[in-house]
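# Remarks on the overall topology
What follows is each chain in one-letter form.
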Amino acid sequence: MKFIKIDKESWAKGLERLDDSFRLFGPVKQDKFHNFKELDKGELPDLSLLNTRLSPKSVVYPQSEVMFEYTLDENKEDHHILKEIDKDYSPRAVIGIRPCDAKAFLVVKPNFDAPEYKDPYWIKSYEATTFVGYACDTPCSTCFCTPAGCGPFHEEGLDLLLVDTNDHYLIKVITEKGENFLSAAGWGAEVDADAASDQIETMRHTAEAKITSRVSTDELKDKNITDLFEASFWEEAAFACINCGTCTYACPTCWCFDIQDETYGYYGIRMRNWDSCMYPLFTLHGSGHNPRDTKIQRVRQRFMHKLKYYVDKYENGIQCVGCGRCIRLCPVNIDIRRVCELMNSYGG
Amino acid sequence: MEVDDFILIEQSSMVNSKRGIKVQNPYLPYPVRIDEIITETEDKNLKTFKLVFINPDDEEKFAYKAGQFAELSVAGKGEIPIGIASSPTEKGFLMFTVNKVGLVTSYLHAMKAGDIMGIRGPMGNWYPWDIMEGKNVVIIGGGFAFTTLRSSIVYMLDPANRPKFNELHVIYGARTPGMLLYKDELAEWEKRDDMNMHITVDATDDPDWKYNIGFVPTITDQEAPPGDADTYAIVCGPPIMIKFTQPVLDKLNYSNDHIIMSLEMRMKCGIGICGRCNIGKEFVCKDGPVFTLDQLNMMPKEY
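Sequence order sets the numbering: in each chain, residues are counted from 1 along the sequence as written. Both sets of labels track the order of writing: A upward for chains, 1 upward for ligands. Side-chain atom pairs in this predicted model are given and counted only at pLDDT of 80 or more, local residue features only at pLDDT of at least 70, and totals for whole chains, interfaces and linings cover all residues. Computation of side-chain values: all heavy atoms of the structure, hydrogens and water removed.

## What about the sheet that holds strand 11 (residues 267–274) of chain A?
Residues and elements named next belong to chain A. The strand order across the open sheet formed by four strands is 5-4-11-10, and the pairing between neighbours is antiparallel. Edge strands, defined here as strands with exactly one partner in the open sheet, are strand 5 (83–84) and strand 10 (257–264). Of the pairings in the sheet, the one linking strand 4 (residues 64–71) to strand 11 comprises seven bridges and is antiparallel in character. Bridging from a neighbouring strand, glutamate 69 pairs with isoleucine 269 of strand 11. Strand pairing follows a simple DSSP-based rule, namely that at least 2 bridges must link the two strands. What counts as a helix is a DSSP run of H or I of at least four residues, what counts as a strand is a run of E of at least two, and both are numbered from the N terminus.

Spelled out as structure tokens, the structure:
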């Protein structure tokens, strides 16, 4: 295992050098809130924050993305035929992604990269991205990454792990992709691996001890889908929900999308946009029938998808990394930890 | 066996960006031309579209089985999931019968022969043709849900396929004679001696009507053979028809794994990715649309 030390002075210099070979994304403060965005030349990621308001899933999977273009002008030979457009899949790196958000990409991967069908947009963006994780020293009260199968220093889904030791950064090299990123930055001050590893381990234990949320997920797999579906607690769990959809937009593991055509004169595009199971239109049939036309059905769908359907379908744990965004941002204080406990303990 | 074949075909034409093979985009429709539009019903709300591939090679890539569906794509309007009404044994064109209900279907109804549109697919699973080989097949359909059933009947009646199946019974009903789909074919099938065709309407004042009058469940009760290990029922129709046909099939001793149904859902991607058409952990677009009643009974009642 290889560890690199970076003085904080050479941090900016390295990032500047990386600008030639990578599109850099990082957290920056926009208006009142931090969010991930593509960094302008010379712009530094702001690593002073706990985590961004929205997850960095947009780096790989933008909220709106053009898929095809077409012309409706019948004088053109290829009118009404959809055409692929050029997209930028040059190397990109997301700097300062928290380990929970990085693992989220592995959680959604089986959906976009299934054996039978491959989503080319997600896969190409994902493969083009180097994930430079930023270890979490001060998890907050809504974080439950450890019980969700992740952690503040978790390495799954990361190419590099960046640890702030106050006077310098320590980088743990996890993959070859990460190694290439380091050489492009010109960061190569290798340090004693044992000492660095011990230091990081100590910090990891301290950080993990700060996560006090306890959520049990161990029984979910053994529950019967239809029993849980018909459970009596859904009405109460959904009671306060106003179906605003904030939870699904903020979530790093929510992946649902809509496909829409937009036309400007003769020119048009087909695009996809994040969608949300919280909205009635999501499942409304042309006939007017709607299999999920009540709030309870939609709230149940969100939790059942994350904590039961996904668990059964992929045998990859729950579809949640414990980032806590949905808990912090919910206007009516619906708490996935509580719903998970209800589900996990249902029927004794 | 057939499912494995299907996945193999899909994989061979699939992305492997790591190996640098050109990525085939499953969202990109094949361009097609509307060859013919037939108004099917007296209310003019159902039209059949015959589509021809603009690039002849695409027809081979679109190899399908009876019971599958496709996304019809109209540039500037969007896409709709529609069951394939033509049979794999009919070459040179695809056929879809579309009910006018929303944005895309209304626009489609106003299009004309010669117009260009797109098609993605084939999608979903199909009726279990391998399992039904050598068995009796009872097709029970109502209203405009008869499209993939037409595909199935034409497929089974193909001279190369008919010997593979034992008895073939078809019960098909609509509200009135004018609301039946594919009227010319129905009349021809009625004359054949290698199938038992039972056409019915809910009501009619036409003195020349020579077929049944009565709801589909009633005619099923009168005409369907009793259920046994060698008899499969394929049921497609409006929810009310399904609700009242099920007790009839129970009475006739059809077991739940011999009752086959095809579901509809709002869909976008059609390939199990966009997340909206699930019933429990199954996606109707990818794991369906065809399920046995046995399978449906294990899934949440959310359809």
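Moving on from the coordinates now.
## Things to note about the pairing of strand 11 (residues 231–236) of chain B
Residues and elements named next belong to chain B. Extensive coverage of strand 11 is indicated by the burial of six of its six residues. Summary of the burial criterion: residues with accessible area below 20% of their type's maximum are buried, those above 50% are exposed, and those between are partly exposed, where the area comes from a 1.4 Å probe applied to protein chains only. Alternating residues of strand 11 divide into Thr231, Ala233 and Val235 and Tyr232, Ile234 and Cys236, and every residue in both groups is buried. Where strand 7 (residues 136–142) lies against strand 11, six bridges are found, and the strand directions are parallel. In the sheet register, valine 137 faces strand 11, and the bridge partner there is tyrosine 232. Two strands pair when backbone bridges link them, and strand 11 and strand 12 (residues 259–262) are joined in this way by three bridges, in the parallel orientation.

## A few points about the interface of chain B and chain A
Between chain B and chain A, the contact holds 51 residues from the first and 51 residues from the second. Carbon and sulfur atoms supply 59% of the area buried between chain B and chain A, which totals about 4,400 Å² over both sides. Should a side-chain nitrogen of Lys or Arg be within 4 Å of a carboxyl oxygen of Asp or Glu, the pair is scored as a salt bridge. Counting every contact that joins chain B to chain A gives seven salt bridges. With its nearest N and O atoms 3.2 Å apart, the salt bridge here joins Glu79(B) to Arg270(A). Two N or O atoms form a polar contact when they lie within 3.5 Å of each other; inside protein one atom must be a possible hydrogen donor and the other a possible acceptor, and for residues adjacent in sequence the pair counts only when both atoms belong to side chains. The interface formed by chain B and chain A includes 25 residue pairs in polar contact (both at pLDDT 80 or more). Residue assignment for the side of chain B that touches chain A shows that the elements contributing at least two residues are helix 1 (2–12), strand 3 (69–74), strand 4 (78–83), strand 6 (116–123) and strand 14 (282–283) of chain B. Pairs of residues are marked as contacts when any of their non-hydrogen atoms sit within 4.5 Å. Summed over both partners, the accessible area lost on bringing two parts together, with a 1.4 Å probe, is the buried area.

## Here we look at the packing of aromatic side chains
Planes of paired rings set the category: under 30 degrees apart is stacked, over 60 is edge-to-face and the rest tilted, where pairs are Phe, Tyr or Trp rings (Trp by its six-membered ring) whose centres lie within 6.5 Å. On inspection of all chains with the given rule, the structure shows 29 aromatic pairs over all chains. Ring geometry for Trp255(A) versus Tyr310(A): centroids 6.3 Å apart, planes at 50°, classification tilted. Here Trp255(A) is found in the loop between helix 8 (246–250) and strand 10, whereas its partner Tyr310(A) is found in helix 9 (residues 295–314), with 55 residues between them in sequence. Neither residue differs from the other here; Trp255(A) and Tyr310(A) are each classed as buried. Seen in terms of ring centroids, Phe146(B) and Tyr172(B) are 3.7 Å apart; in terms of plane orientation they differ by 10°. Their pairing is stacked. Here Phe146(B), found in the loop between strand 7 and helix 5 (147–157), pairs with Tyr172(B), found in strand 8 (residues 168–174); they are 26 residues apart in sequence, far enough to count as distant. Phe146(B) sits in the buried class, given a relative accessible area of 0%. Put simply, the rings of Tyr61(A), Phe105(A), Phe112(A), Trp122(A), Tyr126(A), Phe131(A), Tyr249(A), Trp274(A) and Tyr279(A) pair up and form one aromatic cluster.

## Section: the sheet that holds strand 7 (residues 129–134) of chain A
The strands making up a sheet associate through backbone hydrogen bonding, with each pair oriented either parallel or antiparallel. Residue and element names in this part refer to chain A. Across the sheet, seven strands lie side by side as 1-9-8-7-6-2-3; this open sheet has mixed pairing. Across the chains shown, the open sheet's two edge strands, defined by having one partner strand only, are strand 1 (2–7) and strand 3 (33–38). With strand direction ignored, the average angle separating the axes of adjacent strands in the sheet is 25°. To define axes, lines are fitted to C-alpha atoms, for helices over the stretch in contact only, and angles between the resulting N-to-C directions are given on a 0 to 180 degree scale. The strands touched by helix 3 (residues 120–128) are strand 6 (92–97) and strand 7; relative to strand 7, the strand with the most contacts, the crossing angle is about 60°. Against the sheet, helix 4 (residues 176–185) makes contact with strand 1, strand 2 (23–30), strand 6, strand 7, strand 8 (160–164) and strand 9 (168–173), and its axis sits at roughly 85° relative to strand 7, the strand it touches most.

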